[in-house]
Amino acid sequence: MGRFYITTPIYYVNDAPHLGHSYTTVTADAIARWHRLLGDDTIFLTGTDEHGLKVARSAEEQGRTPIEQADETSARFVEAWDLLDISNDQFIRTTEPRHHAATQALLSKAKENGYIEKGTYAGWYCVGCEAYYVEDDLLDGNCCPIHERPAEWLEEDNYFFKLSAFEDRLTEWLTADGNVVPDGKRNEALGIVKQGLDDVSITRSSLDWGVPVPWDPEHVFYVWYDALINYATAVGYGADDASFADWWPHAHHVIGKDILRFHCVYWPAMLMAAGEEPPSSVHVHGFLLLKGKKMSKTGLTQITPAQLVNDLGVDGTRYYLLRDVPFGSDSDVSFSSMVGRYNSDLANNLGNLLNRVTTVVVKKCDGVGPAPQRDSELAAVAERAYEETAAAWDRFQPSVALDATWNLVRETNAYLERHEPWKMDAGSAEVAAVLGDALEVLRLAAVLASPALTRTTVEIWSRIGLDGGPADQRLPEAAAWGGYPGGLPVVKGAPLFPRLDAVSEDD
Ligand code: ME8
């Protein structure tokens, strides 16, 4: 038992939530839920990044003020996360006064410590990226390599952060195991530092949509330098020192690879400049890429959480994102792989196990669930499944964790096929033994899968007659074989995961 503080990136409010945002947020949510099962005191933070030129321009194009744009889009993120059963403890908006105060406090500290100085900056700026580019990195016609639109020449007096002063400390931090994961991404960050770090401009005077620079009100902080600080704001930086001291050592950031430089180089350096420790870890995932015509007709950023939930249900969507996309690598996604994963793991395995067991308990045991056998051959399988599941969640590897849990489900279906309880005599000791073991596996699977399947595991729990819910259990105690007490009413309900029709990507 301990403290666990996990964050997602805060998303820009120029556009609505999409499949990519959902992937990161569901991943962080499931990891937070796993830690709550372990009894850890957990804070899970997500939110929206509301300042900067990108948001200001997008508001202007839509004929509204930046704050109107931020209010409206931020609400859409809140709505999307409700829809996906995201259990965040806080939703931070960078326009909140508490965040302005924390940003000003942290950067004032860095200035006091001598790491912020005034200078002039001129360079090519891409509004889409909210970042300056060196000429060599631009495409023909001075276009941004990501947005393929012309970068703009900006020239301004502003304040610089002395990033170059942190090369050695960053190298040391990045070299230590476990700070940036996986290794490939850590090496990418080390490579950026090894190339040599230039000081960076962290304020803008050409824009007023941002956090004002407290020592020079003509300027606002550059959006990234306020955004990153949200992680500190949420646990009390500058406002509640005791809370910050308690929580900061347990901060874990989950991000996509597109924002590695900011989180693995700039952010730890900013913290060092302010006299704070870097985060406990940064976990960097790859990108979801669209495969298949059906999805590419729309484009990944047009796939909304609502559409996914409509097609696959809440648990189907969460399970797909967690199980099918190995954390850390890029992954092709397609509608047919979503349906395939749903049918194989949810309908044919977990759903089938529940269906078989409840049907036979109703038929052969008068609907009263028997207790498991102490020396069941499944006990060892369950023990291994727990160990592997726990180790993988601990390493931020949901797909490995769920595969380990599903091994137990698959083995139990095979166990039922070998013993065929449906052919045994009603009321016999034999049938009670086999069904008791299978009910115990359903109990275990409901607990272990609860970080992913927020709804169906609750339903499994109640159909096998247990009180409370799987998420109220505590690990590792709840993973010990034999927790299903027996003598409970078991009901057979409608299939939890009705099979979905296979789809062709040409549809
Ligand atoms: O970068 N696959 O916000 P953002 C996987 N505001 N994940 C994806 C994805 C994809 N195809 N597309 C987006 C910002 N994401 C800043 C962050 S944090 C202090 C400030 C996810 O709205 C992924 O997590 O552009 C990525 O890092 C994030 O959305 C970018 O969100």
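Cut-offs used in this document
Residues numbered from 1 in each chain as written. Predicted model: local features only at pLDDT ≥ 70, side-chain atom pairs only at ≥ 80, totals over all residues. Heavy atoms only, no water. Helix = DSSP H or I, 4+ residues; strand = E, 2+ residues; numbered from the N terminus. Rg over C-alpha atoms; globule rule 2.2 N^0.38 Å. Buried < 20%, exposed > 50% of the residue type's maximum accessible area, 1.4 Å probe, protein only. Areas by Shrake-Rupley, 256 points an atom, 1.4 Å probe, with all protein chains shown as cover. Lys, Arg positive; Asp, Glu negative; His and termini not counted. Charge placed at Lys NZ, Arg CZ, Asp CG, Glu CD. Phe/Tyr/Trp six-rings, centres within 6.5 Å; stacked < 30°, edge-to-face > 60°. Lys NZ or Arg CZ within 6 Å of the ring centre and 35° of its normal. Axes fitted to C-alpha atoms, helices over the stretch in contact; angles between N-to-C directions. Left-handed = near helix turned anticlockwise from the far one by under 90°. Contact = heavy atoms within 4.5 Å. Nonpolar A, V, L, I, M, F, W, Y, C, P; charged D, E, K, R; others polar. Near = heavy atom within 4 Å. Polar contact = N/O pair within 3.5 Å; in protein donor to acceptor, adjacent residues only side chain to side chain. Pairing = 2+ DSSP bridges.

A.B. asks: What am I meant to see in the overall build of the protein chain here?
C.D. replies: Counting its secondary structure elements, the protein chain contains 17 helices and 16 strands. For 507 residues, the compact-globule formula gives about 23 Å, and the C-alpha radius of gyration of the protein chain, at 26 Å, lands near that figure. If one aligns the C-alpha atoms of the protein chain with their principal axes, the spans along those axes are about 85 × 50 × 40 Å. The 507 residues of the protein chain split such that 58% are buried. Within the structure as shown, the protein chain displays about 20,400 Å² of accessible surface, and the carbon and sulfur contribution to it stands at 48%. Counting 43 positive and 75 negative side-chain charges, the protein chain places the averaged centre of each group 6 Å from the other.

A.B. asks: Help me understand the packing of aromatic side chains, please; the structure alone is not making it clear to me.
C.D. replies: Two aromatic rings, taken as a pair, are described by how far apart their centres are and by the angle between their planes. Counting across every chain of the model gives 24 aromatic pairs. Residues Trp224 and Phe262 carry aromatic rings whose centres are separated by 3.8 Å and whose planes lie at 5 degrees to one another, so their mutual orientation is stacked. With Trp224 in helix α7 (residues 223–227) and Phe262 in helix α10 (residues 260–273), this residue pair connects regions lying 38 residues apart in the sequence. With respect to class, Trp224 is no different from Phe262; both count as buried. An aromatic cluster is defined as three or more aromatic residues linked by ring pairs; in this entry it consists of Tyr115, Phe161, Phe166, Tyr222, Trp224, Tyr225, Phe262 and Tyr266. Its guanidinium or amino end placed over the ring of Trp247, Arg3 lies 5.1 Å from that ring's centre, counting from NZ or CZ. Directly above the ring of Trp215 sits Lys111, whose terminal nitrogen or CZ lies 5.1 Å from the centroid.

A.B. asks: Just to check I follow, could you spell out the packing of helix α5 (residues 167–175) against α10 for this structure?
C.D. replies: The relative placement of two packed helices comes down to the angle between their axes together with the axis-to-axis distance. Contact geometry of α5 with α10 gives a least axis separation of 10 Å together with a crossing angle of 115 degrees. Crossing handedness for the pair α5 and α10: right-handed. Between α5 and α10, the residues in contact are Arg169, Leu170, Trp173 and Leu174 and Cys264, Val265, Pro268, Ala269 and Met272, respectively. Its residues assigned to classes, the contact of α5 with α10 comprises eight nonpolar, no polar and one charged.

A.B. asks: Please explain the site of the ligand as it appears in this structure.
C.D. replies: Every one of the 23 residues lining the ligand counts as a neighbour, but Ile10, Thr24, Asp49, Asp258 and Leu288 are closest to it. Tyr12 is positioned such that a nitrogen or oxygen atom in its backbone is 3.0 Å from an oxygen atom of the ligand. His21 places a side-chain nitrogen or oxygen 3.3 Å from an oxygen atom of the ligand. Protein burial of the ligand: of its 680 Å² of free accessible surface, 92% is covered by the chains. Counting residues per element, the ones that place at least two in the shell around the ligand are β1 (3–12), α1 (19–37), α7 and α8 (230–233). Here the shell around the ligand gets four residues from one element, more than from any other, and that element is β1.

A.B. asks: Just checking my understanding: could you explain the sheet that holds strand β8 (residues 200–201) for this structure?
C.D. replies: Pairing between sheet strands relies on hydrogen bonds along the backbone, with the strands arranged either parallel or antiparallel. Taken in spatial order, the four strands of this open sheet run β5-β4-β6-β8, and their pairing is antiparallel. This sheet does not close on itself; its edge strands, each paired only once, are β5 (131–133) and β8. Two strands pair when backbone bridges link them, and strand β4 (residues 116–126) and β5 are joined in this way by three bridges, in the antiparallel orientation. Its bridge partner being in β5, Cys126 is matched across the sheet by Ala131.

A.B. asks: I'm lost on the sheet that holds strand β2 (residues 41–49) in this one. Help?
C.D. replies: In space, the six strands of this open sheet follow the order β3-β2-β1-β11-β12-β7, with parallel pairing throughout. The outermost strands of the open sheet, each flanked by one partner alone, are β3 (90–93) and β7 (180–181). Relative to strand β12 (residues 281–285), strand β11 (residues 251–256) runs parallel, the two being bridged by five bridges. Counterpart to His253 in the pairing with β12 is Val282.

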